[in-house]
Amino acid sequence: MIKTIEWTDDGVVMIDQRLLPTEEVYPVFRTYQDVAEAIKVMVIRGAPAIGVAAAMGVAVGAKAIDPALDPAGFDAALEPVYETLAATRPTAVNLFWAIERMRRVAADARAAGAGNAALVARLVDEAKGMHDEDIEANRAMGRFGAELMPDSGVILTHCNAGALATAGYGTALGVIRAAVEAGKRVAVFADETRPFLQGARLTAWELHKDDIPVTLITDNMAGHFMKAGKIDCVVVGSDRIAANGDVANKIGTYSVAVLARENNIPFYVAAPTSTVDLNCPTGEEIPIEDRPIDEVTTVGQRVLAPEGITVANPAFDVTPNRYVAAIITEKGVARAPYEVSLHALVCGKADKEQAQGV
Ligand code: MRU
């Protein structure tokens, strides 16, 4: 299995995704500042993966605080750790969800009388647990989602929502992997996903490694293949899902969803419930990250555009809920009206059938 991120006593080991597919390098990130920088520059990316990285970053930060401090001083020293990690990328809610969870663990441990060493041990355990939990969630999502995939056919995906975007197995690619494991004869069309090329560099690499048939296309080819009847369904991941089912995902996802509707192709979203933000009523409130312009104007050392040109580079867009056929989570499959079904899934008040039925 591809190892995206791993806890070690020396620090957090992450595959440097900027170097894929040509180099497979696993640096160690030994301080919380280094982990934060790795998230910011996209050594690691993908909503669930950056959640796990942030949790491990908190644990690394806690380990480095002087254990001789009194509890209040120690807790105060944790604040810049949380804040630095939270200031890395704004759209994927999993980052904030993970940091909040680590904060709560620290507060609960203190309330139960933990000293500094016990608190650090608790934070390390929690971060490691979140890593394993994420893989479990992806496998569960895969089982639910595989049922929605055709017995044979072609699935289009956008960006990378695979093992590399999570602790392992993947969300959208987890659904595809589970469909293959269930004996379905599916192939994948991967959008290259300009400008960061997660589809070409990461999705194509992962699927190729797993011997899942994959055809790489440029983003502007998706409509052509849909109209030609070559695509049976679309599955993508998400960085944040609003309470009403509007879905933020990699820039270009909205265009894919509209094309899918035009061509009567189901458009599915696979994401853990930690990606659902019930505090965001609609997609309008989801913050969209702007990335550096050189991601658009250059590829490697090659300059693609005139110097000084005005460039826009929003990293995500929002797909309105009306285009979404279903949202596949680790707790079941939500369908419209999403205000009801997502709330039920996130708050744990529904099993799979109830969520599907509402
Ligand atoms: O900018 P990125 O590469 O972090 O964006 C990633 C995506 O948009 C993914 O599709 C999303 O995080 C889902 S990953 C399981």
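Bear in mind that the values here come from a model prediction, so they are computed numbers and not experimental data. (Residues numbered from 1 in each chain as written. Predicted model: local features only at pLDDT ≥ 70, side-chain atom pairs only at ≥ 80, totals over all residues. Heavy atoms only, no water.)

**Quick word on the layout of surface pockets**
Using the following cut-off: The distinction between a cavity and a pocket rests on a 1 Å grid over the protein atoms alone: a 1.4 Å probe fits inside a cavity but cannot get out, while a pocket stays open yet meets protein on both sides within 12 Å along at least five of seven lines, and a residue with an atom within 4 Å of a point counts as lining. Grid points are joined across faces, edges and corners, and a volume is the space filled by probe spheres set on the points. Think of it this way: any DSSP run of H or I at least four residues long counts as a helix, any run of E at least two long counts as a strand, and we number them from the N terminus. For this scheme, ten residues count as nonpolar: Ala, Val, Leu, Ile, Met, Phe, Trp, Tyr, Cys and Pro. Four count as charged, namely Asp, Glu, Lys and Arg, and the remainder, Gly too, count as polar.
As a volume, the largest pocket reaches approximately 270 Å³. Lining the largest pocket are Pro-195, Phe-196, Leu-197, Asp-294, Glu-295, Thr-298, Val-299 and Gly-300. Sorting the residues of the lining of the largest pocket by element identifies helix H10 (294–297) and strand S12 (298–299) as the ones contributing at least two each. Grouping the amino acids of the lining of the largest pocket by side-chain chemistry returns four nonpolar, two polar and two charged.

**A few points about the domain arrangement of the chain**
Definition in use: Boundaries of every domain are those given by an automatic assignment or by a domain database. Pairs of residues are marked as contacts when any of their non-hydrogen atoms sit within 4.5 Å. Note: buried area is the sum, over both parts, of the accessible area (probe 1.4 Å) each one loses when the two are combined. Each salt bridge in this description consists of a side-chain nitrogen of Lys or Arg and a carboxyl oxygen of Asp or Glu lying within 4 Å of one another.
The domains assigned to the chain are domain 1 (5–138) and domain 2 (145–356). Computed from C-alpha coordinates alone, the two centres of domain 1 and domain 2 are separated by 25 Å. Opposite the 29 residues of domain 1 that make contact, domain 2 presents 31 residues. Of the roughly 2,500 Å² buried where domain 1 meets domain 2, counting both sides, 57% is carbon and sulfur surface. If you sort the residues of domain 1 by the area they bury against domain 2, Arg-45, Thr-91 and Asn-138 come out on top, with a joint share of 25%. There are two salt bridges connecting domain 1 and domain 2. The residue Glu-289 makes a salt bridge to Arg-89 at a minimum N-O spacing of 2.9 Å. Those elements giving two or more residues to the side of domain 1 that touches domain 2 turn out to be helix H2 (47–63), helix H4 (93–111) and helix H5 (116–146). Partitioned by chemical class, the residues of the side of domain 1 that touches domain 2 number 17 nonpolar, six polar and six charged.

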